[in-house]
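# What the coordinates show
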Number of protein chains: 2
Amino acid sequence: MRRVHLAGPASRSDLANYTGLNRSTVGDLVAELTALGLVHERAGVRGVPGRPSPIVAANPNGITVLALEIFNDSIAAAVIGLGGRILARARAERARDGSSPEATVARLAGICRTLLEGRADQPPIQAISVAVAGVVRRTDGDLVVGPNLGWRDVPLADLIRTSLSLGVPVFTGNDADLATLAEHLRGAGIGCDDFVCLWGEVGVGAGIIAGGRPLSGRSGFAGEVGHLPLSPEGRLCHCGARGCWETEVGEDALLRRAGRAGSGGPLVVDLILAMADAGDPVAISAIESSGRWLAIGLAALIHTLNPERIALGGFFATILPYARDALTAALGELAIEPLAVATIVPARLGADGPLIGAAELAFEHWLDDPASVPLIDRPEWSSAADRRVAAKEVDATRLAI
Amino acid sequence: MRRVHLAGPASRSDLANYTGLNRSTVGDLVAELTALGLVHERAGVRGVPGRPSPIVAANPNGITVLALEIFNDSIAAAVIGLGGRILARARAERARDGSSPEATVARLAGICRTLLEGRADQPPIQAISVAVAGVVRRTDGDLVVGPNLGWRDVPLADLIRTSLSLGVPVFTGNDADLATLAEHLRGAGIGCDDFVCLWGEVGVGAGIIAGGRPLSGRSGFAGEVGHLPLSPEGRLCHCGARGCWETEVGEDALLRRAGRAGSGGPLVVDLILAMADAGDPVAISAIESSGRWLAIGLAALIHTLNPERIALGGFFATILPYARDALTAALGELAIEPLAVATIVPARLGADGPLIGAAELAFEHWLDDPASVPLIDRPEWSSAADRRVAAKEVDATRLAI
């Protein structure tokens, strides 16, 4: 189930090779999963010697998860089915006006109800999983602090459980961690055991995969790299410290250096890139500065973690083609030689990453025991930030096909 | 075997509880290990109800490892036996004069021969394991670069293998990583799954335990935190970059600020601490500056890794009592609140840490199959920097007794 969920349709003989089970056992398991409505089979491709082996594919509607996202400037919901298929999705702008957790969740619940009404003829969703721009405590799933949201100590899982009343488990996770999980399982980090995703918008955060496993730290707070103190004489950060990396490398810093301080967002960033294309020296210099500051923080991460690959997501992915030269030059100066091998790539899943990662967080619980439908809302499942993910048992290198 | 090796003598009934095996199976296994000369048994303590359960202890001479250390200003060798017992040890100063790998290894070999002659009546050593102040490549065990040693691309394992001609496996590892392993298994990090050891002398390095496992990175280079680019307008580092953390926090920086630039070492550091005790404002200010720069780098590590505990070793342990206030104050300003929980403690094993860690690297291979004596020199064993350590199978919290 894990194999077809993560790596797509596979023939019965591929599954026999992959699992090391014999074909008749694989046949029995596939029959069981088919009876549960979790997989479909279709005829195999002809033309290979012998009888074609049937192709087994995940049934997207076999298990569906309601994935939610709460960002500084947007909220989103998606219904995501087995195999990682996005079956329905809606996104809405969120004004950066400090609206309350209750108001935000109420708006999100409205979006969810519309999404689910459109699927009234399908089996009910089995779990809710939320990606939020903040620090989530793994012991209870609460949001400890969402600096850019202006939130603190929000019982987020409970708020969503109550607001949606679906009677299913609710998982919560940090947006950067979940987007990293998604990139590791389905994006730029497939097959890469030492992988960092760096996410930049106004705030900056990282998700870390080390030795094939998510690095969560003692309390699930690892990867708060926006607050690396890299600029001792620098600006005051909203967190209260001086010179945090995000004050030099976040979206605000680019806007400020480009003379566009004020309200940001993708359109303003695109405008600055267009100005650079047109040869505007202020815009070009601002982007180079972002590239150089990206390199400074990446050098810190590289020296600490020695990753094989670093994916840049969000606003960083947008500016990467423009900032690449400045970034590479500065990294060449800063990284000691044997560590300079880490490749810097754009994240692949785009804006869907956090939603896909949130869904995987829920799927992972269920994949441990695929026959356990419906999922029961166990208390310990609300606090899933530290779950070891699917990658632990799936040889991701074999899945990169 | 792992249990008595790492946590000391245990009664047969403790071992039955620990392993989940019944007492007769434990008795059979103990008999087998006793026959191999790997454990001793002695009578249990009277006074508890029922027949006292015999106490099983590792036999230090059952397996012995020759642990070596190559530092900037010293070389050392020790014979370390099962249970982590240091049976013999010798240390010599090494001038910071850039002496060659060959000359250094030749001196070390002389020390080893003297040590081993003193043990001519004991069983031969079973492995050699080397802790070196540099970056060791896990694919072949070579030293890629030892910046403070002035070495580059040294086939260290082969050099030692040839020089000592003992026909046993040779392991190599980074000094910081091995000292961290030792602290995790036997020192300040027992029972702590998210643990960082920060080692400071002239150079600065860290060893990282994340989720209970050593974090080695793609090529075994993780933890090169001396080169975190924390001081953008700072001094040139010997690595070629500007503003590396060790230029602000290493021993040289303290000496420079205290007006004692020149040859360093523990005696000079002690002198500066004595001056601070006597109220010398320059010495006090220099130590405070070290404390503040320690906090800056620790904040970077804390935001990236969210450790539960950080142990400071080497010169950092020496200055910690004097620098603690400045460190705590600066960390309070720099670390976002939920992450500020990491406790900062001195390392416990002192100068023996790297040797003990080197021995554990060798023991770990053997503990996977305790009956495999003598150890065979398998090629893949020379490159053991990435070994998952004993901690993976031993519940360290239960061992902190």
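Residues numbered from 1 in each chain as written. Chains lettered and ligands numbered in written order. Predicted model: local features only at pLDDT ≥ 70, side-chain atom pairs only at ≥ 80, totals over all residues. Heavy atoms only, no water.

## What about helix 9 (residues 266-277) of chain B?
Residues and elements named next belong to chain B. Selection criterion: Only DSSP runs of H or I with at least four residues qualify as helices, and only runs of E with at least two residues qualify as strands; both kinds are numbered from the N terminus onward. Expected helix span is computed as 1.5 Å times (number of residues minus one). Each residue is placed in one exposure class: buried if its accessible area under a 1.4 Å probe, protein chains only, is under 20% of its type's maximum, exposed if it is over 50%, and partly exposed if it falls in between. Throughout, the arc means that of the directions going from the helix axis to the C-beta atoms.
Taking 1.5 Å of rise per residue, the 12 residues of helix 9 would be expected to cover 16 Å, and the 16 Å separating its terminal C-alpha atoms lies within 8% of that figure. Taken together, the buried positions of helix 9 are Val268, Val269, Ile272, Leu273, Met275 and Ala276. Projected onto a plane normal to the axis of helix 9, the buried residues spread over an arc of 155° and lie on a single side. Turned more than 90 degrees off the buried face of helix 9, the exposed positions are Pro266, Leu267 and Asp277. Of the residues one or two after helix 9, Gly279 is the one with positive phi, at around 90°.

## Notes on the interface of chain B and chain A
Selection rule: Residues count as neighbours in contact if any of their non-hydrogen atoms are within 4.5 Å of one another. By definition, the buried area sums, over both parts, the 1.4 Å-probe accessible area that each loses when the two are put together. Just to be clear on terms, a salt bridge is a Lys or Arg side-chain nitrogen sitting within 4 Å of an Asp or Glu carboxyl oxygen.
Each side of the interface is counted separately: chain B has 45 residues, and chain A has 45 residues. Counting each side, the surface lost to burial between chain B and chain A is near 3500 Å², with a carbon and sulfur contribution of 64%. Among the residues of chain B in contact with chain A, Arg218, Pro229 and Thr304 of chain B are the three that bury the most area, contributing 17% of the side total. Applying the counting criterion to the chain B and chain A interface returns 2 salt bridges. In this structure, Arg218 of chain B engages Glu308 of chain A in a salt bridge whose closest nitrogen and oxygen atoms are separated by 3.8 Å. When contributions to the side of chain B that touches chain A are tallied by element, the ones reaching two or more residues are strand 9 (143-146), strand 13 (204-210), helix 10 (281-305) and helix 11 (315-334) of chain B.

## Some points on the pattern of salt bridges
Residues and elements named next belong to chain A. Enumeration over the complete set of coordinates arrives at 16 salt bridges over all chains. In this structure, the salt-bridge partner of Arg161 is Asp158, at a minimum N-O distance of 2.7 Å. Of this pair, Arg161 and Asp158 both sit in helix 5 (residues 156-164), 3 residues apart, roughly one helical turn. On the basis of relative accessibility, which here comes to 23%, the residue Arg161 falls in the partly exposed class.

## Quick look at the sheet that holds strand 11 (residues 170-174) of chain A
Residues and elements named next belong to chain A. Stated precisely, the cut-off is as follows: Any two strands are treated as partners once DSSP identifies two or more bridges connecting them. Here the axes come from fitting lines to C-alpha atoms, over the contacting stretch only for helices, and the angles between their N-to-C directions go from 0 to 180 degrees.
If you walk across this open sheet you meet the 5 strands as 6-5-4-7-11, and the pairing is mixed. Strands at the two margins of the open sheet, each flanked by one partner only, are strand 6 (85-93) and strand 11. Averaged over all neighbouring strand pairs, the angle between strand axes comes to 15°, with direction disregarded. In this sheet, strand 7 (residues 127-132) lies alongside strand 4 (residues 64-70) in parallel orientation, the contact comprising 6 bridges. Bridge assignment links Val65 to a residue of strand 7, and that residue is Ala127. Contacts between helix 4 (residues 101-117) and the sheet are confined to strand 4, strand 5 (74-81) and strand 6, with strand 5 contributing the most and set at about 35° to the helix.

## Quick notes on the side chain of Glu248 of chain A
Residue and element names in this part refer to chain A. Our working definition: Here a polar contact is taken to be a pair of N or O atoms separated by no more than 3.5 Å, where protein atoms must pair a possible hydrogen donor with a possible acceptor and residues adjacent in sequence count only if both atoms sit in side chains.
Here Glu248 is to be found in helix 7 (residues 245-249). For Glu248, a relative accessible area of 9% translates into the label buried. Of note is the side chain of Glu248, whose polar atom sits 2.9 Å from the side chain of Ser231. Filtering out sequence-adjacent residues up to four positions away, Glu248 remains in contact with Ser231, Gly234, Ala253, Arg256, Arg257 and Trp293.

## Some words on the confidence of the model for chain A
Residue and element names in this part refer to chain A. Formally: Known as pLDDT, the predictor's confidence for each residue is given on a scale from 0 to 100.
For chain A, the average pLDDT comes to 87, and 91% of its residues sit at 70 or higher. Per-element averaging of pLDDT across chain A places helix 13 (residues 396-399) at the bottom with 29 and helix 10 (residues 281-305) at the top with 97. Segment residues 379-401 is flagged for pLDDT under 50; beyond a separation of four residues in sequence, or across chains, it makes 63 contacts in the model.

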